[in-house]
Amino acid sequence: MTSGTVTTVSSNGTYSFTKPNREGITLLAGLGVEGDVHAGVTVRHRSRVAQDPTQPNLRQVHLIHAELFEEVAGAGFEVAPGDLGENVTTRGIDLLSLPTGTLLHLGAEAVVRVTGLRNPCAQIDAFRHGLLKQVLGRDENGEVVRKAGIMGVVLTGGEVRPGDPVRAELPPEPHRPLERV
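As the structure is a computational prediction, the values presented were derived from the model and not from experiment. (Residues numbered from 1 in each chain as written. Predicted model: local features only at pLDDT ≥ 70, side-chain atom pairs only at ≥ 80, totals over all residues. Heavy atoms only, no water.)

## Considerations on the nonpolar core
One recurring pattern in soluble globular proteins is that nonpolar side chains are buried together. L27, V61, L63, L104, L106, I150 and V160 are the most contacted members of the largest nonpolar core, which totals 23 residues. Top element by residues in this core is strand 8 (residues 110–117). It accounts for four residues. Residues F17, I64, F69 and V72 belong to the second largest nonpolar core, which totals 14 residues. (Core = buried A, V, L, I, M, F, W, Y, C linked by side-chain atoms within 4.5 Å. Buried < 20%, exposed > 50% of the residue type's maximum accessible area, 1.4 Å probe, protein only. Helix = DSSP H or I, 4+ residues; strand = E, 2+ residues; numbered from the N terminus.)

Here it is in structure tokens:
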């Protein structure tokens, strides 16, 4: 599935775990979501700023597939768009299977280059106790599986609204699987 739909967009100008839903967001090339606390050329996530504030910001935009919310609901967890801090919620596109470097075309103009997987943290359990185990697990080989969405950087800015199409443009082969960023 290399195409789908934007179901919800969210942003927050202050640090908090969740992000309020919006009618639309503006993506700014090289920065991220206009007015969002995580927008910037260099890292904005507090833990990464504490390590090295000069690191490039590979986490300008956070995307999650709405199907994850249905999956965790089956385990008894109520999670809505924006609750896990994502900026863009999608449906119908398998975000987690995209290779590193995929270009996501959002709406009429915006383009986001996929940089990697969100690394789920303990804040998820603080939000809903036990939820971390639902979005962070192991496969049959014992490898860590991260399901809390993907991260990217904005190559081309533009408006993104619920109902907009999202289309993946895969990079040239060989494809590199997503790793945590």
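## A word on the environment of P99
Among the secondary structure elements, P99 is positioned in the loop between strand 6 (88–91) and strand 7 (103–106). Taking relative accessible area as the criterion, P99 reaches 7% and is therefore assigned buried. If sequence neighbours within four positions are ignored, P99 has contacts with V114, L170, P171, H175, R176 and L178. (Contact = heavy atoms within 4.5 Å.)

## Things to note about the layout of surface pockets
As a volume, the largest pocket reaches approximately 500 Å³. Lining of the largest pocket is provided by 19 residues; of these, H45, R59, R118, C121 and Q123 occupy positions nearest its centre. Partitioning the lining of the largest pocket into residue classes produces five nonpolar, nine polar and five charged. (1 Å grid on protein atoms, 1.4 Å probe; cavity = no way out; pocket = protein on both sides within 12 Å on 5 of 7 lines; lining within 4 Å. Points joined across faces, edges and corners; volume = space filled by probe spheres on them. Nonpolar A, V, L, I, M, F, W, Y, C, P; charged D, E, K, R; others polar.)

## Quick word on unusual backbone geometry
In this model, E173 is joined to P174 through a cis peptide bond whose omega is 5°. Tracing the backbone shows P174 in the segment after strand 13 (165–169).

## Re the sheet that holds strand 12 (residues 158–160)
Reading across the sheet, the three strands line up as 4-3-12 and stay open at both edges, with antiparallel pairing between neighbours. Each of the sheet's edge strands pairs with one partner strand only, and the pair in question is strand 4 (32–33) and strand 12. Here strand 3 (residues 25–28) runs beside strand 12; their pairing, made up of three bridges, is antiparallel. Counterpart to I25 in the pairing with strand 12 is V160. (Pairing = 2+ DSSP bridges.)

## Quick word on the packing of aromatic side chains
For the structure shown, the criterion picks out one aromatic pair. With 5.6 Å between their ring centres and 40° between their planes, F17 and F127 make a pair best called tilted. With F17 in the loop between strand 1 (3–10) and strand 2 (21–22) and F127 in helix 3 (residues 123–127), this pair connects stretches of sequence that are 110 residues apart. The residue whose ring lies beneath R128 is F127, and the NZ or CZ to ring-centre distance is 4.1 Å. (Phe/Tyr/Trp six-rings, centres within 6.5 Å; stacked < 30°, edge-to-face > 60°. Lys NZ or Arg CZ within 6 Å of the ring centre and 35° of its normal.)

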